[in-house]
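One-letter residues, chain by chain:
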Amino acid sequence: MTGTHIEPVTPASFPELIQLIAGLAAYEHLDPPDEAACERLFADAFSHPSRYEAFLAIADGVPAGYVTFYCTYSTFLARPSLYLEDIFVREEFRHRGIGRELFSFCRDIARERGCGRMDWQVLTWNDPAIRFYESEGGKRLDWYSYRIG
């Protein structure tokens, strides 16, 4: 992909991450993070150790997408797992391979860190994402998601 690279989010580029998160929220018909949540996102990204990692895909000199992830642990594998929290590409940059590049970037990090697997969730109505993940070898699991809070 010519002219596209992935770089870590820095304090200076953090506002671009927030704009992209708001873009994902709009796509998923959710409210974006409020001011207090944005402050927590900043603190958690740049704490030591950080609670999550965030990277921007830069295309044509502008942030075109992002990915966030963190590590969990599998007791059955006795290895860490990389949990892909968000992956998003702005509409005007879709169909250029940027999402695939971000996904491959995460897969490579998981391998480098000795993770036994990479996990993520996808909304049941997001057919383009489902097709993409399955084309990348993703397998739908027979698990129900639960949440409290």
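Note that the structure is predicted; figures quoted are calculated from it, not measured.

**Student:** How should the packing of helix α1 (residues 14-27) against helix α2 (residues 35-46) be read in this particular structure?
**Tutor:** Remark: α1 packs on α2, axes separated minimally by 11 Å, with the N-to-C direction vectors making an angle of 125°. By the angle between their directions, the pair α1 and α2 is classed as oblique. As for how α1 packs across α2, the hand of that crossing is right-handed. Only Cys38, Leu41, Phe42 and Phe46 of α2 make contact with α1, whose side of the interface consists of Phe14, Ile18 and Ile21. Residue composition of the contact of α1 with α2, by class: seven nonpolar, no polar and no charged.

**Student:** How should the sheet that holds strand β1 (residues 4-8) be read in this particular structure?
**Tutor:** Spatially, five strands are ordered β1-β2-β3-β4-β5 in an open sheet, and the strand pairing comes out mixed. Since the sheet does not close on itself, it has two edges, and those belong to β1 and β5 (117-119), each with one partner. Looking at each pair of strands side by side, their axes are set apart by 30° on average, direction ignored. Each of β1, β2 (53-59), β3 (62-74), β4 (79-89) and β5 touches helix α3 (residues 98-112); the most contacted strand, β4, lies at about 165° to it.

**Student:** Can you help me understand the packing of α3 against helix α4 (residues 127-135) in this one?
**Tutor:** For any two helices packed against each other, the geometry is given by the interaxial angle and the distance between the axes. It is the contact of α3 with α4, at a shortest axis distance of 12 Å, that shows an interaxial angle of 50°. Relative to α4, the element α3 is oriented oblique. Between α3 and α4 lies a crossing of right-handed hand. Across the interface between the two elements, Gly99, Arg100 and Phe103 of α3 pack against Phe132, Tyr133 and Ser135 of α4. When its residues are assigned to classes, the contact of α3 with α4 shows three nonpolar, two polar and one charged.

**Student:** Got a minute to help me understand the pairing of β4 in this structure?
**Tutor:** Within a regular beta strand, the side chains point alternately toward one face of the sheet and then the other, so they alternate between its two faces. Burial runs high along β4: eight of the eleven residues are buried. With ten bridges connecting them, β3 and β4 associate as antiparallel partners. Directly across from cysteine 71, in β4, lies its bridge partner leucine 82. Linking β3 to β4, which pair antiparallel, is a turn of four residues; within it alanine 78 sits at a positive phi near 55°. Between β4 and its parallel partner β5, the chain crosses via α3, and the hand of that crossover is right-handed.

**Student:** Can you walk me through the pattern of salt bridges in this structure?
**Tutor:** Opposite charge on two side chains lets them pair, provided their charged atoms get close. Enumeration according to the criterion identifies nine salt bridges in this entry. Here arginine 90 ties to glutamate 92 by a salt bridge, and the two come within 2.4 Å at their closest N and O atoms. Its salt-bridge partner being glutamate 136, residue arginine 107 comes within 2.6 Å of it at the nearest N-O pair. You can see arginine 107 sitting in helix α3 and its partner glutamate 136 sitting in the segment after α4, a full 29 residues away along the chain. Given the relative accessible area of 23%, arginine 107 is considered partly exposed. Exposure remark for glutamate 136: the relative accessible area of 17% places this residue in the buried category. Through salt bridges with shared partners, a single ionic network connects Arg100, Arg107 and Glu136.

**Student:** Explain the nonpolar core to me, please; I cannot follow it from the model alone.
**Tutor:** Within soluble globular proteins, side chains that are nonpolar tend to cluster in buried spots. Core analysis: the largest hydrophobic core is formed by 24 residues, its most contacted members being Val67, Leu82, Ile98 and Leu102. Broken down by element, the residue count for this core peaks at seven residues, all from α3. In this structure, leucine 82 is in contact with Phe69, Tyr70, Cys106, Ile109, Ala110, Cys115, Arg117, Met118 and Asp119, ignoring residues within four places of it in sequence. Ranked by size, the runner-up nonpolar core spans 15 residues in total, among them Cys38, Ala45, Ile58 and Phe88.

Thresholds applied
- Residues numbered from 1 in each chain as written.
- Predicted model: local features only at pLDDT ≥ 70, side-chain atom pairs only at ≥ 80, totals over all residues.
- Heavy atoms only, no water.
- Axes fitted to C-alpha atoms, helices over the stretch in contact; angles between N-to-C directions.
- Helix = DSSP H or I, 4+ residues; strand = E, 2+ residues; numbered from the N terminus.
- Parallel < 35°, antiparallel > 145°, perpendicular 65-115°, else oblique.
- Left-handed = near helix turned anticlockwise from the far one by under 90°.
- Contact = heavy atoms within 4.5 Å.
- Nonpolar A, V, L, I, M, F, W, Y, C, P; charged D, E, K, R; others polar.
- Pairing = 2+ DSSP bridges.
- Buried < 20%, exposed > 50% of the residue type's maximum accessible area, 1.4 Å probe, protein only.
- Right-handed = clockwise from strand over helix to strand, strands pointing away.
- Salt bridge = Lys/Arg side-chain N within 4 Å of Asp/Glu carboxyl O.
- Core = buried A, V, L, I, M, F, W, Y, C linked by side-chain atoms within 4.5 Å.

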